[in-house]
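# Fold and geometry: a report
Listed below are the residues making up each chain.
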Amino acid sequence: MNEQQSKIYLLPNLMTAGNLFCGFTATLRILEGALLQSTNADAAADLFHEAIWFILGAFVFDFLDGRLARLGGHDSAFGREFDSLADIVSFGVAPALLVYRIVLQEFRTACWIIALVYLCCGALRLARFNTVSAAHHRESSSSGSKSFTGFPIPAAAGLIASITLFLMWLAEGEHHIGKWKFVLPPLLVFLSFMMFSRFEYPSFKAINWKTKKSIPRFIGIFLIFIITALNYQWMPAVLFLAYLLYGFLRPWLSNEWRREIEEEIGEEGSDEPTEQTS
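Keep in mind it's a predicted model, so treat the numbers as computed, not measured. As a convention, each chain's residues are numbered from 1 in the sequence order in which they are written. Local features are withheld for residues below a pLDDT of 70 in this predicted model, meaning they are given only at 70 or higher, and side-chain atom pairs are given and counted only at 80 or more; totals for whole chains, interfaces and linings count all residues. Excluding hydrogens and water, the side-chain values take into account all heavy atoms of the structure.

## Points about the overall build of the chain
Defined as follows: Runs of H or I in DSSP of at least four residues are treated as helices and runs of E of at least two as strands, each being numbered from the N terminus. Partly exposed describes any residue whose relative accessible area lies between the buried limit of under 20% and the exposed limit of over 50%, with all areas from a 1.4 Å probe on protein chains only and scaled to the type maximum. When checking whether two residues touch, look at their non-hydrogen atoms; a contact exists if any pair is within 4.5 Å. Values of accessible area rely on a 1.4 Å probe in the Shrake-Rupley scheme; residue burial ignores everything except the protein chains shown.
Within the chain, the secondary structure is distributed over 9 helices and 2 strands. Element order for the chain, N to C, with α for helix and β for strand: α-α-α-α-β-α-α-β-α-α-α. Split into buried and exposed, the 278 residues of the chain put 45% on the buried side. Sequence-distant contacts in the chain: of pairs separated by 6 or more residues, those separated by 24 or more amount to 83%. Carbon and sulfur atoms make up 68% of the accessible area of the chain, which amounts to about 14,400 Å² in all.

Structure, rendered in structure tokens:
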């Protein structure tokens, strides 16, 4: 590698490091909770609850790193590789281990297999992204498509974490999921399939510090942030589910409706070809 190729851009990679920190800390909290599950279920549930927030924190860092890189024109092969390595910890290992430990006692072998399938699908998707992205940059200097095929692994992990948070709140005040925990293994299987499906999702690549909005749209986005902060137990699950369902509805929407909806969230509604991404 020459000097230009080996440069590490500070701000984007700090965000990626924050992503990796959150994923690693979430994994530690899950392991600590696993050691307490048989002796102190309440303490274990508290640790699982902390792990959920670290997974969601990793999602925020992952959202920011690419935007900072593109805003400063610092998108690089090193950054993509570093981001993928962080993603497999934060959005592959941590969510799979979380569901495995929560539903372990009833279906030990089945949950182990399901968690492994999710982790493998996530790793394969990230590997595919790296190869496709490398080919794309060799062939074109453009920034790529504003949508991608298949449900991205950060959103999959965010959905798992937010649904688990909601089930804890729904069952017994953020401590025990109870019988609702049996929702989680099928969800992992479904998301494993969705990561390799042909459904298209907005990539949010157009969102950056220069994104402009009219006053009514700005107020609407601001209200969503306020509602999410006030209803943190269930509102993140609603947002991730809405994003998941949009992929199913998108093919049935007219180009005008699609453009209008995706402009609301910062995209420049486009029918250009899609690329695989994380």
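## Re the packing of helix α7 (residues 215–230) against helix α8 (residues 235–249)
Heads up, the condition is: Simply put, an axis is a line fit to the C-alpha atoms, just over the touching stretch for a helix, and the angle between two N-to-C directions goes from 0 to 180 degrees. Any angle from 65 to 115 degrees is called roughly perpendicular, while one under 35 is roughly parallel, one over 145 is roughly antiparallel, and all others are oblique. The nonpolar class holds Ala, Val, Leu, Ile, Met, Phe, Trp, Tyr, Cys and Pro. Asp, Glu, Lys and Arg form the charged class, and all remaining residues, Gly among them, are polar.
At a closest axis distance of 8 Å, the pairing of α7 and α8 adopts a crossing angle of 130°. By the angle between their directions, the pair α7 and α8 is classed as oblique. Contacts between α7 and α8 involve Ile224, Ile227 and Thr228 on the former and, on the latter, Met235, Pro236 and Leu239. When the residues that make up the contact of α7 with α8 are grouped by side-chain class, the tally is 5 nonpolar, 1 polar and no charged.

## Topic: the confidence of the model for the chain
We count it as follows: As a per-residue measure, pLDDT tells how confident the predictor is, with possible values from 0 to 100.
Across the chain, the average pLDDT comes to 81, with 77% of residues at 70 or higher. Contacts for the low-pLDDT stretch residues 267–277, under 50 throughout, to residues beyond four places or in other chains number 41 contacts.

## Focus on the pattern of salt bridges
Filter applied, for reference: Throughout this description, the term salt bridge denotes a Lys or Arg side-chain nitrogen within 4 Å of a carboxyl oxygen of Asp or Glu.
A complete count under the given rule lists 3 salt bridges for this structure. Notably, a salt bridge pairs Arg29 with Glu50, separated by 2.7 Å at the nearest N-O pair. Pair noted here: Arg29 is in helix α1 (residues 10–36) and Glu50 is in helix α2 (residues 41–71), with a separation of 21 residues, a long-range link. Judged by relative accessible area, Arg29 falls into the partly exposed class, the value being 22%. Residue Arg250 pairs with Glu200 through a salt bridge whose shortest N-O separation is 2.8 Å. Placement of the pair is Arg250 in the loop between α8 and α9 (255–264) and Glu200 in strand β2 (residues 200–202), with a sequence separation of 50 residues. One continuous salt-bridge network, built from bridges that share partners, spans Arg29, Glu32 and Glu50.

## Topic: the packing of aromatic side chains
The criterion, for reference: Centre distance within 6.5 Å is the pairing criterion for rings of Phe, Tyr and Trp, where only the six-membered ring of Trp is used; planes under 30 degrees apart are then read as stacked, over 60 as edge-to-face, and the remainder as tilted.
Here the structure, examined in full by the defined rule, presents 10 aromatic pairs. Residues Trp53 and Tyr232 carry aromatic rings whose centres are separated by 5.7 Å and whose planes lie at 50° to one another, so their mutual orientation is tilted. Pair noted here: Trp53 is in helix α2 and Tyr232 is in the loop between α7 and α8, with a separation of 179 residues, a long-range link. Exposure remark for Tyr232: the relative accessible area of 31% places this residue in the partly exposed category. A centroid spacing of 6.1 Å and a plane angle of 45° characterise the contact between Phe78 and Phe82, whose relative ring orientation is tilted. In this pair, Phe78 and Phe82 are both assigned in helix α3 (residues 77–102), 4 residues apart and thus about one turn of the helix distant.

## A word on the packing of α1 against α3
Counted only if it meets this: When the near helix sits turned anticlockwise from the far one by under a right angle, the crossing is termed left-handed; a clockwise turn instead gives a right-handed crossing.
For the pair α1 and α3, interaxial distance at closest approach is 9 Å and the crossing angle is 20°. When the interaxial angle is binned, α1 and α3 end up roughly parallel. Between α1 and α3 the crossing geometry is left-handed. Here the residues of the contact of α1 with α3 sort into 16 nonpolar, 7 polar and 3 charged.

## Examining the side chain of Asp65
For the record, the criterion: The definition of a polar contact used here is a pair of N or O atoms within 3.5 Å, where within protein one atom must be able to donate a hydrogen and the other to accept one, and adjacent residues in sequence count solely through side-chain atom pairs.
Note that Asp65 resides in helix α2. Side chain to side chain, Asp65 and Thr16 meet in a polar contact 2.9 Å long.

## Observations concerning the environment of Leu97
Turning to its location among the elements, Leu97 is positioned in helix α3. Expressed as a C-alpha distance, the spacing of Leu97 and Leu116, which sit 19 residues apart in the sequence, is 9.1 Å. In contact with Leu97, other than residues within four places in its own chain, are Thr27, Ile30 and Leu31.

## Some points on the nonpolar core
Buried together is how nonpolar side chains tend to be arranged in soluble globular proteins. The condition is simple: Grouping buried Ala, Val, Leu, Ile, Met, Phe, Trp, Tyr and Cys residues that are joined through side-chain atoms within 4.5 Å yields what is termed a nonpolar core.
Tyr118, Phe151, Leu184 and Leu191 are the most contacted members of the largest nonpolar core, which has 51 residues in total. Looking at this core, the elements that each hand over two or more residues are α1, α2, α3, α4 (108–139), α5 (153–172), α6 (184–194) and α8. The dominant element in this core, judged by the number of residues it contributes, is α5, at 11 residues. Among residues more than four places away in sequence, those in contact with Leu184 are Val99, Ile102, Val103, Ile163, Thr164, Leu167 and Ile177.

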